[in-house]
Amino acid sequence: MGCLNGLWPRIDDVAFVTALIDDVAKKRRVDPKRIYATGISNGGMISHFLGAKLSTKLAAIAPVAGSLAEPLVPTFEPTAPVSVLMLFGTDDRFVPYGGGEVHPPGMRPRGRVIAIEQAARLWT
């Protein structure tokens, strides 16, 4: 299953991004050693997810204000090296630096993330 958070189990994020990369590579010259994923907040979380699940296709990821989702940790086993640049603030009110529930004010909880230091240890 390639769904990041289990909320939409019929959506396979990994298959979608793989198909997107393959389709662009058919139409344009693509250096396979220069394919990257980045995003902010939820986008940062999915860049971690894609880096772990598509480590043979991605050269690097750069999550911004989005840690590694807790549900990914038990199956976190990238099969190839991935360069990682993580950008976070310790006072982030939405995605807690020390891990825990992602809960923007006035919205429903968005799941749980691990602490930034733990995410860095997993990647190294």
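So, a few notes on the structure that sits alongside this text. (Residues numbered from 1 in each chain as written. Predicted model: local features only at pLDDT ≥ 70, side-chain atom pairs only at ≥ 80, totals over all residues. Heavy atoms only, no water.)

### Some remarks on the packing of aromatic side chains
The geometry of an aromatic ring pair comes down to the distance between the two centres and the angle between the two planes.
Then, number 1: Taken as a whole and assessed by the stated rule, the structure comprises one aromatic pair.
Then, number 2: Judged by centre distance (4.9 Å) and plane angle (90 degrees), the rings of phenylalanine 76 and tryptophan 123 are edge-to-face. One end of the pair, phenylalanine 76, is in the loop between β2 (60–64) and β3 (83–84); the other, tryptophan 123, is in helix α3 (residues 116–123), and 47 residues separate them in sequence. Just as phenylalanine 76 is buried, tryptophan 123 falls in that class too. (Phe/Tyr/Trp six-rings, centres within 6.5 Å; stacked < 30°, edge-to-face > 60°. Helix = DSSP H or I, 4+ residues; strand = E, 2+ residues; numbered from the N terminus. Buried < 20%, exposed > 50% of the residue type's maximum accessible area, 1.4 Å probe, protein only.)

### Some thoughts on the pairing of strand β1 (residues 36–40)
Then, number 1: Side-chain alternation along β1 places Ala37 and Gly39 on a buried face and Tyr36, Thr38 and Ile40 on a face that remains uncovered.
Then, number 2: In terms of strand pairing, β1 meets β2 through five bridges, oriented parallel. Looking at the pairing, tyrosine 36 lines up with alanine 60 of β2. (Pairing = 2+ DSSP bridges.)

### Details of helix α1 (residues 13–27)
Then, number 1: An ideal rise of 1.5 Å per residue puts 21 Å on 15 residues; α1 measures up with 21 Å between its terminal C-alpha atoms.
Then, number 2: Along α1, the residues that are buried comprise Asp13, Val14, Val17, Thr18 and Ile21. Down the axis of α1, the buried side of the element spans an arc of 130 degrees, and every buried residue falls inside it. Turned more than 90 degrees away from the buried face of α1, the exposed residues are Phe16, Lys26 and Lys27.
Then, number 3: Against α2 (42–53) lie the buried residues of α1.
Then, number 4: For α1, the capping residue at the N-terminal end is aspartate 12, with a side-chain oxygen 3.2 Å from the backbone nitrogen of valine 14. (Expected span 1.5 Å × (residues − 1). Arc of directions from axis to C-beta. Contact = heavy atoms within 4.5 Å. Polar contact = N/O pair within 3.5 Å; in protein donor to acceptor, adjacent residues only side chain to side chain.)

### Topic: the sheet that holds β2
Then, number 1: Here three strands make up an open sheet; going across it, the order is β1-β2-β3 and the pairing parallel. The open sheet is flanked by β1 and β3, the only strands paired with a single partner.
Then, number 2: Across two bridges, β2 lies against β3 in parallel orientation. The partner of isoleucine 61 across the bridge, within β3, is valine 84.
Then, number 3: Helix-sheet contacts for α2 involve β1 and β2, and the interaxial angle to β1 is about 155 degrees. (Axes fitted to C-alpha atoms, helices over the stretch in contact; angles between N-to-C directions.)

### Observations regarding unusual backbone geometry
Then, number 1: At serine 41, a position not held by glycine, the phi torsion is positive, near 60 degrees.
Then, number 2: When you line up the elements, serine 41 lands in the loop between β1 and α2.
Then, number 3: Relative accessible area serves as the criterion here: at 28%, serine 41 is assigned to the partly exposed category.
Then, number 4: With a phi close to 50 degrees, alanine 65 is a non-glycine residue in the positive phi region.

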